[in-house]
Amino acid sequence: MRKKAVHLSYNSNVMASLHVSPVILMLEHDDDDRFITSKVFEENQYRAQLEFVHDGDRLFAYLGDCRQNRRPYPSLILINLHTTPQDGRMILKQLKEDLHYKHIPVVILSGSYDPVLARECYMLGASSFIQKPSLLSETNEKINSFFRYWFKTVELS
């Protein structure tokens, strides 16, 4: 017996409404860095939703809420290495040890470059280690490069 081929057609408006912008969850305790990052995202009209948390407890509460309410996890997590009260490495370690969160790429941000710290972050499971730029023009360029890589080059889940 021969099976008939089934052809499905999708309404492009329905498909477009199903597309959800990726969420970037950023742990950043510095108000100025949060403001600058949001401004660059706003000015460049990136197709990503940027969410901020101030500390590790709020980061894990955000992720726990996603899990509990069956909402999608963020596509990417950015962590300031020198966050307080918990150091970014400790938060990274906790994320990568948790089966629910270890699949989420984590990018570590640092105000300075220290190859020993960078290596330690990679060993703990960081996907990238980025030195924060000191000039606003460099910030825009670095965020553009970051966005191109994470949202145009690689495939995120």
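Residues numbered from 1 in each chain as written. Predicted model: local features only at pLDDT ≥ 70, side-chain atom pairs only at ≥ 80, totals over all residues. Heavy atoms only, no water.

So what's going on with the pattern of salt bridges? Residues and values would help.
For the structure shown, the criterion picks out nine salt bridges. Across the salt bridge formed by Arg89 and Asp87, the nearest N and O atoms sit 2.8 Å from each other. The class for Asp87 is partly exposed, based on a relative accessible area of 22%. The partner of Arg89 in a salt bridge is Glu120, with the nearest N and O atoms 3.1 Å apart. Of this pair, Arg89 sits in helix α4 (residues 88-97) while Glu120 is found in helix α5 (residues 115-123), placing the two residues 31 residues apart along the sequence. By relative accessible area, Glu120 is classed as partly exposed at 31%. (Salt bridge = Lys/Arg side-chain N within 4 Å of Asp/Glu carboxyl O. Buried < 20%, exposed > 50% of the residue type's maximum accessible area, 1.4 Å probe, protein only. Helix = DSSP H or I, 4+ residues; strand = E, 2+ residues; numbered from the N terminus.)

I'd like a description of helix α3 (residues 56-68), backed by residues and values.
Taking 1.5 Å per residue, 13 residues should reach 18 Å; α3 reaches 18 Å between its end C-alpha atoms and fits that length. Burial in α3 covers these residues: Gly56, Leu59, Tyr62, Leu63 and Cys66. For α3, the angular spread of the buried residues around the axis is 125°, confining them to a single face. In α3, the exposed positions angled more than 90 degrees off the buried face are occupied by Asp57 and Gln68. (Expected span 1.5 Å × (residues − 1). Arc of directions from axis to C-beta.)

Residues and numbers for the sheet that holds strand β4 (residues 106-110), please.
Strands sit in the order β2-β1-β3-β4-β5 across an open sheet of five strands; the sheet is parallel. Each of the sheet's edge strands pairs with one partner strand only, and the pair in question is β2 (49-53) and β5 (128-131). Sheet twist, expressed as the average angle between the axes of neighbouring strands with direction ignored, equals 20°. Judged from the four bridges that link them, β4 and β5 form a sheet pairing that is parallel. In the strand pairing of β5, Ser110 is matched with Gln131. Its contacts with the sheet put α5 on β4 and β5, and the angle it makes with β5 is roughly 150°. (Pairing = 2+ DSSP bridges. Axes fitted to C-alpha atoms, helices over the stretch in contact; angles between N-to-C directions. Contact = heavy atoms within 4.5 Å.)

Give me the lowdown on the pairing of strand β3 (residues 76-80), citing residues and values where you can.
Taken across its five residues, β3 has five buried, putting it largely inside the fold. Where burial is concerned, the two faces of β3 agree: the one with Leu76, Leu78 and Asn80 and the one with Ile77 and Ile79 are both buried. As judged from the four bridges shared by β3 and β4, these two strands associate in the parallel manner. Counted as the bridge partner of Ile77 is Val106 from β4. Traced from β3 through α4 to β4, the parallel crossover comes out right-handed. (Right-handed = clockwise from strand over helix to strand, strands pointing away.)

Before we move on, can you summarise the packing of α3 against α4 with the specific residues and values?
The geometry of α3 relative to α4 is characterised by a closest axis approach of 10 Å and an angle of 20° between their N-to-C directions. Viewed along their axes, α3 and α4 adopt a mutual orientation that is roughly parallel. As for the relative orientation of α3 and α4, their crossing is right-handed in sense. Seen from α3, the contacting residues are Gly56, Leu59, Phe60 and Leu63; seen from α4, they are Ile91, Gln94 and Leu95. Here the contact of α3 with α4 is composed, by residue class, of five nonpolar, two polar and no charged. (Parallel < 35°, antiparallel > 145°, perpendicular 65-115°, else oblique. Left-handed = near helix turned anticlockwise from the far one by under 90°. Nonpolar A, V, L, I, M, F, W, Y, C, P; charged D, E, K, R; others polar.)

If you had to explain the packing of aromatic side chains to someone new, which residues and values would you point to?
Under the definition given, this model contains eight aromatic pairs. Look at Phe60 and Tyr101: their rings are 6.3 Å apart centre to centre, the planes differ by 55°, and that puts the pair in the tilted class. Of this pair, Phe60 sits in helix α3 while Tyr101 sits in the loop between α4 and β4, and the two are 41 residues apart along the sequence. Judged by its relative accessible area of 5%, Tyr101 is buried. These aromatic residues form a ring-pair network of at least three members: Phe41, Tyr46, Phe147 and Phe151. (Phe/Tyr/Trp six-rings, centres within 6.5 Å; stacked < 30°, edge-to-face > 60°.)

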